[in-house]
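Coordinate analysis (summary)
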Amino acid sequence: MKKKLLIILFSFLATTFCFAQKNELGVVVGSYNGLSYKRVVNDKFATLTEVGFGLQATKFSDHYNGGGLNISVHGNIDLWDVHINQNFLFNYEISNNLFLYAGGGVTIGYAQEFNYNEGFAKTGINAIVGLEYRLPTVPLGIAFDFRPGYANLTSSSERDVNVSIFDWKLALALRYCF
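Our subject in this report is the structure included herewith. Every value quoted in this text rests on a predicted model; they were computed, and no experiment measured them. (Residues numbered from 1 in each chain as written. Predicted model: local features only at pLDDT ≥ 70, side-chain atom pairs only at ≥ 80, totals over all residues. Heavy atoms only, no water.)

Bringing empty space enclosed by the protein into the picture now. Tallied over the full model, the rule gives one cavity of 30 Å³ or more. Each pocket or cavity is described by its volume, and for the largest cavity that value is around 100 Å³. For the largest cavity, the full set of lining residues is Tyr 32, His 83, Asn 85, Thr 107, Gly 124, Ile 125, Asn 126, Arg 147, Tyr 150, Ala 151, Asp 167 and Lys 169. Those elements that place two or more of their residues in the lining of the largest cavity are β4 (69–95), β6 (119–134) and β8 (149–154). Across the lining of the largest cavity, the residue classes tally to four nonpolar, five polar and three charged. (1 Å grid on protein atoms, 1.4 Å probe; cavity = no way out; pocket = protein on both sides within 12 Å on 5 of 7 lines; lining within 4 Å. Points joined across faces, edges and corners; volume = space filled by probe spheres on them. Helix = DSSP H or I, 4+ residues; strand = E, 2+ residues; numbered from the N terminus. Nonpolar A, V, L, I, M, F, W, Y, C, P; charged D, E, K, R; others polar.)

Our next topic: unusual backbone geometry. Positive phi, close to 75°, is recorded for Asn 97, a residue that is not glycine. The topology assignment puts Asn 97 in the loop between β4 and β5 (98–113).

Next up on the list: the packing of aromatic side chains. Evaluated as defined, the whole model comprises four aromatic pairs. Here the aromatic rings of Tyr 176 and Phe 178 are separated by 6.3 Å at their centres, their planes lie at 15°, and the arrangement is stacked. Put simply, the rings of Phe 45, Phe 88 and Phe 90 pair up and form one aromatic cluster. Geometry around Tyr 101 places Lys 38 over its ring, the cationic atom sitting 5.3 Å from the centre. Across from the ring centre of Phe 99, 4.3 Å away, lies the NZ or CZ of Arg 134, which sits over that ring. (Phe/Tyr/Trp six-rings, centres within 6.5 Å; stacked < 30°, edge-to-face > 60°. Lys NZ or Arg CZ within 6 Å of the ring centre and 35° of its normal.)

Next up, the structure:
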């Protein structure tokens, strides 16, 4: 009898463990890879901080105004980047253990172009929308999200390039709740 009672008690605690905790730490993979930390502020709001790196091929627009020239250029750019992304999220429970979240945030980091071996300071803003499922028997959350964003890449080289890019991301995160 004691053994059954302990199993029932453990099952109940494991089921509610992730919901009672305020922190989630894990990994994120997809358009970028890295570490993910989510802090639940209250029942409806959370912050999400991620440190990651990724490869990206995207469209850009570049505007040069100097030396009597005023030129706008549009094309494709291939980059790798390292960044920190901070988001503020609104959480909504769709059903038991399944959550919809949406919000926005900022990105800062460093990006480098493959073709010219030129580095850029990266700053940007993004929106975020996704789904998170919290496993009922273990303290794990699995999340999938889409992040459309806009970033500005600024170089300090001789070319003095200022590039604007559509900085979209798709990601799958696995986080431990504690």
